[in-house]
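Observations on the three-dimensional arrangement
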Amino acid sequence: MIFEGIPIVDAHAHLGYFGGWADIGIALDELIALNKEFNVVHTVVFSVPNSISAEAAKKYPDKITGYVWLNPYDGEKAVNELRIAVKEWGCKGVKLHPLFQAFVADDPVVYPIMDEAKKLKLPVAIHSGHPPFSLPWSIGELAEVYPDVTIVMLHMGHGHGVYIRAAINTAKRHSNIVLETSGMPMHTKIKEAMEVVGEDRVMYGCDIPFHHPSVELQRVKMAGLNDHQLRKILHDNAVEKLRLSFK
Ligand SMILES: [Zn+2]
């Protein structure tokens, strides 16, 4: 165990198989076993199709929170999908992937989903780090239009230093943005984010199966955080900002 005494919350994971260039996948029982190994007590899951997340959240309500993955181009159908997900399987947030579905993060096509998320008081997690669709600046524009919606900037800029810097600066300007650490290579930027953005607005995510917890947690370990900050980033911030409830 890398962090003695800190039960870990993973704010970003996927179940099922991702084909194409990724050719990677993980089943529910594998995720549960992996989490046990690394003392991950709760995981936020987004999957395609959404039924995978629904089944996982229903089977392990204390271990898994499901988000519904929506395509803004579906318009009213996407809004309906969100309503049904909340009602039928207790979905607790929305996942958007501007790169996969080719929309700019702040395009008005996203507004109907954001309006509903605002109404339902649900966080919206958005992939970041790939031009031209999912850059931190665009997510910042969206955050400005929806100051009441908690927006999780997944990957906090991802692999490019310029985008990582932009993620930190953008989150600093918009108090409704929370940064998530998965796939972001620089351990130093985790500490910088906590100092610049605030100790309450950075959270650990792994992005299973694309990344492995032994690698993702190691980066947090090397970031030079104190015990208080570690507890915040690994557990408290996700519980609070994502309004998670589990035993
Ligand atoms: Zn992901």
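Computed from a prediction, not measured in an experiment: that's the story for all the values here. Each chain has its residues counted from 1, following the order in which its sequence is written. Only residues with pLDDT of at least 70 are given local features in this predicted model, and only at 80 or more are side-chain atom pairs given and counted; all residues enter the totals for whole chains, interfaces and linings. To obtain the side-chain values, all non-hydrogen atoms of the structure were included, while hydrogens and water were left out.

Details of the layout of surface pockets
- Within this model, the largest pocket holds a volume of roughly 210 Å³.
- A pocket, in this scheme, is an open set of points on a 1 Å grid over the protein atoms alone with protein on both sides within 12 Å along at least 5 of 7 lines, while a cavity is a set where a 1.4 Å probe fits but cannot get out; residues line either one if an atom lies within 4 Å of a point. The wall of the largest pocket is formed by 16 residues, among which Trp21, His97, His127, Asp207 and Phe210 lie closest to the centre.
- Ten residues, namely Ala, Val, Leu, Ile, Met, Phe, Trp, Tyr, Cys and Pro, are considered nonpolar, four, namely Asp, Glu, Lys and Arg, are considered charged, and the remaining ones, Gly among them, are considered polar. Across the lining of the largest pocket, the residue classes break down as six nonpolar, eight polar and two charged. Grid points are joined across faces, edges and corners, and a volume is the space filled by probe spheres set on the points.

As for the sheet that holds strand β8 (residues 124-127)
- Pairing between strands is defined by DSSP: at least two bridges between them are needed. The helix and strand labels rest on DSSP assignments: H or I over at least four residues marks a helix, E over at least two residues marks a strand, and numbering proceeds from the N terminus. The six strands lie next to each other as β6-β7-β8-β9-β10-β11, forming an open sheet whose pairing is parallel. Each edge of the sheet is formed by a strand with only one pairing partner; in this case those strands are β6 (68-69) and β11 (202-203).
- Bridging between strand β9 (residues 151-154) and strand β10 (residues 177-180) involves three bridges; their strand directions are parallel. Among the inter-strand pairings, Ile151 is bridged to a residue of β10, identified as Ile177.

What about the packing of helix α2 (residues 50-59) against helix α3 (residues 76-89)?
- Axis definition: a line fit to C-alpha positions, over the contact stretch in the case of helices; interaxial angles, taken between N-to-C directions, run 0 to 180 degrees. One can describe the packing of α2 onto α3 by two numbers: an axis separation of 11 Å at closest approach and a directional angle of 20°. The orientation of α2 with respect to α3, classified from their angle, is roughly parallel. As α2 runs across α3, the sense of the crossing is right-handed. In contact with Asn50, Ser53, Ala54, Ala57 and Lys58 of α2, α3 contributes Glu81, Glu88 and Trp89. The cut-offs work like this: below 35 degrees is roughly parallel, past 145 is roughly antiparallel, 65 to 115 is roughly perpendicular, and the gaps in between are oblique. It is the rotation of the near helix from the far one that decides the hand of a crossing: anticlockwise by less than a right angle makes it left-handed, clockwise makes it right-handed. Contact definition: two residues touch when any of their heavy atoms are within 4.5 Å.

Concerning the sheet that holds strand β4 (residues 40-45)
- The strand order across the open sheet built from three strands is β1-β4-β5, with neighbouring strands paired in parallel fashion. Each end of this open sheet is capped by a strand with a single partner; those strands are β1 (8-13) and β5 (64-66). The sheet shows a mean angle of 15° between the axes of neighbouring strands, direction not considered.
- Bridge count between β4 and β5: three bridges; the pairing is parallel. Counterpart to Thr43 in the pairing with β5 is Ile64.

Notes on the pairing of β8
- With a 1.4 Å probe rolled over the protein chains alone, any residue whose accessible area is under 20% of its type maximum counts as buried; one over 50% counts as exposed, and the rest are partly exposed. Residues of β8 alternate between two faces, with Val124 and Ile126 on one and Ala125 and His127 on the opposite face, all of them buried.
- Taken together, the three bridges between strand β7 (residues 94-96) and β8 define a ladder with parallel strand orientation. Note that in β8 the partner of Leu96 across the bridge is Ile126.
- As judged from the four bridges shared by β8 and β9, these two strands associate in the parallel manner. Within the sheet, the bridge partner assigned to Ile126 lies in β9 and is Met153.
- We call a crossover right-handed when, viewed with both strands directed away from the observer, the connection leading from the first strand over the helix to the second proceeds clockwise. This β-α-β element, β8 to helix α6 (residues 136-145) to β9, shows right-handed connectivity.

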